[in-house]
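# Results of the structural survey
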Amino acid sequence: MQFTVTDAPTRERFEARDEAGVVAGVVTYQLTGAIIVYTHTEVEPEFEGRGVGSTLARAVMDDARARGRTVVPLCPFLAEWLAKHPEYEGIVARSTRKVK
């Protein structure tokens, strides 16, 4: 199944939709200048286990890179996904303490 990810800036979220246009999952964010904080990832129960979360994660990170933004991954899912994808390390803000 293919999912299309689009930015919905008025709702401060990226949305993943299936071929029928049904929202399968979202990543919410807060944008301040060139810093984007990804706050939450949510996949609808009927779409779990189909790669929606990973599709969203890659799309939001590619978008941030293309726009020259620095990413603050507050969302635990995204932080874990980034640990497995070091190719995005250059745009991720890191601190010495972990936010829980």
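The following paragraphs examine the structure supplied in this document. (Residues numbered from 1 in each chain as written. Predicted model: local features only at pLDDT ≥ 70, side-chain atom pairs only at ≥ 80, totals over all residues. Heavy atoms only, no water.)

## Focus on the overall build of the protein chain
From N to C terminus, the protein chain includes two helices and five strands. Listing each helix as α and each strand as β along the protein chain from the N terminus yields β-β-β-β-α-β-α. In terms of overall dimensions, the protein chain is globule-like: its C-alpha atoms have a radius of gyration of 13 Å, near the 13 Å expected for 100 residues. Projected onto its principal axes, the C-alpha coordinates of the protein chain cover approximately 40 × 25 × 25 Å. For the protein chain, the residues scored as buried account for 36% of the 100 residues in total. Counting every atom, the protein chain has about 6,100 Å² of accessible surface; 51% of that belongs to carbon and sulfur. Of the side chains in the protein chain, 13 bear a positive and 14 a negative charge, and the two mean positions are spaced by 6 Å. (Helix = DSSP H or I, 4+ residues; strand = E, 2+ residues; numbered from the N terminus. Rg over C-alpha atoms; globule rule 2.2 N^0.38 Å. Buried < 20%, exposed > 50% of the residue type's maximum accessible area, 1.4 Å probe, protein only. Areas by Shrake-Rupley, 256 points an atom, 1.4 Å probe, with all protein chains shown as cover. Lys, Arg positive; Asp, Glu negative; His and termini not counted. Charge placed at Lys NZ, Arg CZ, Asp CG, Glu CD.)

## Let's talk about the nonpolar core
Residues Y38, M61 and L78 are the most contacted members of the largest nonpolar core, which totals 23 residues. Elements with a contribution of two residues or more to this core: strand 2 (13–17), strand 3 (23–32), strand 4 (35–43), helix 1 (52–66) and helix 2 (76–83). Here this core takes six residues from helix 1, the largest share from any one element. (Core = buried A, V, L, I, M, F, W, Y, C linked by side-chain atoms within 4.5 Å.)

## Quick look at the pattern of salt bridges
Where charged atoms from two side chains of opposite charge come close, those side chains can pair. This model, assessed by the stated rule, comprises seven salt bridges. Between R67 and D63 there is a salt bridge; the shortest N-O distance is 2.9 Å. (Salt bridge = Lys/Arg side-chain N within 4 Å of Asp/Glu carboxyl O.)

## Points about the packing of aromatic side chains
Following the criterion strictly, the structure yields four aromatic pairs and no others. Taking 6.5 Å as the distance between ring centres and 65° as the angle between the ring planes, the aromatic pair formed by F14 and Y38 counts as edge-to-face. One end of the pair, F14, is in strand 2; the other, Y38, is in strand 4, with 24 residues separating them in the sequence. A residue is classified by how much of its surface remains accessible, and F14, at 4% relative accessible area, is buried. Accessibility expressed as a relative area gives 0% for Y38, which makes it buried. Among the aromatic residues, ring-to-ring pairing joins F14, Y29 and Y38 into one connected group. (Phe/Tyr/Trp six-rings, centres within 6.5 Å; stacked < 30°, edge-to-face > 60°.)

## Some remarks on helix 2
Given 3.6 residues per helical turn, the α-helix brings residues three or four places apart onto the same face. Within the span of helix 2, buried status applies to L78, W81 and L82. In an axial view of helix 2, the angular spread of the buried residues amounts to 100°, which keeps them on one side of the axis. Exposed and oriented more than 90 degrees from the buried face of helix 2 are P76, E80 and A83. Where helix 2 is buried, its residues meet strand 4, helix 1 and strand 5 (70–73). (Arc of directions from axis to C-beta. Contact = heavy atoms within 4.5 Å.)

## Let's talk about the sheet that holds strand 2
Through backbone hydrogen bonds, the strands of a sheet pair up, either in parallel or in antiparallel fashion. Strand order in the open sheet made by the five strands is 1-2-3-4-5, with mixed pairing throughout. Edge positions in the sheet fall to strand 1 (4–8) and strand 5, since each of these pairs with one other strand and no more. Mean inter-strand twist for the sheet, computed between neighbouring axes without regard to direction, equals 25°. Inspection of the sheet shows strand 1 paired to strand 2 by five bridges, in the antiparallel sense. Bridge pairing in strand 2 links A8 to R13. (Pairing = 2+ DSSP bridges. Axes fitted to C-alpha atoms, helices over the stretch in contact; angles between N-to-C directions.)

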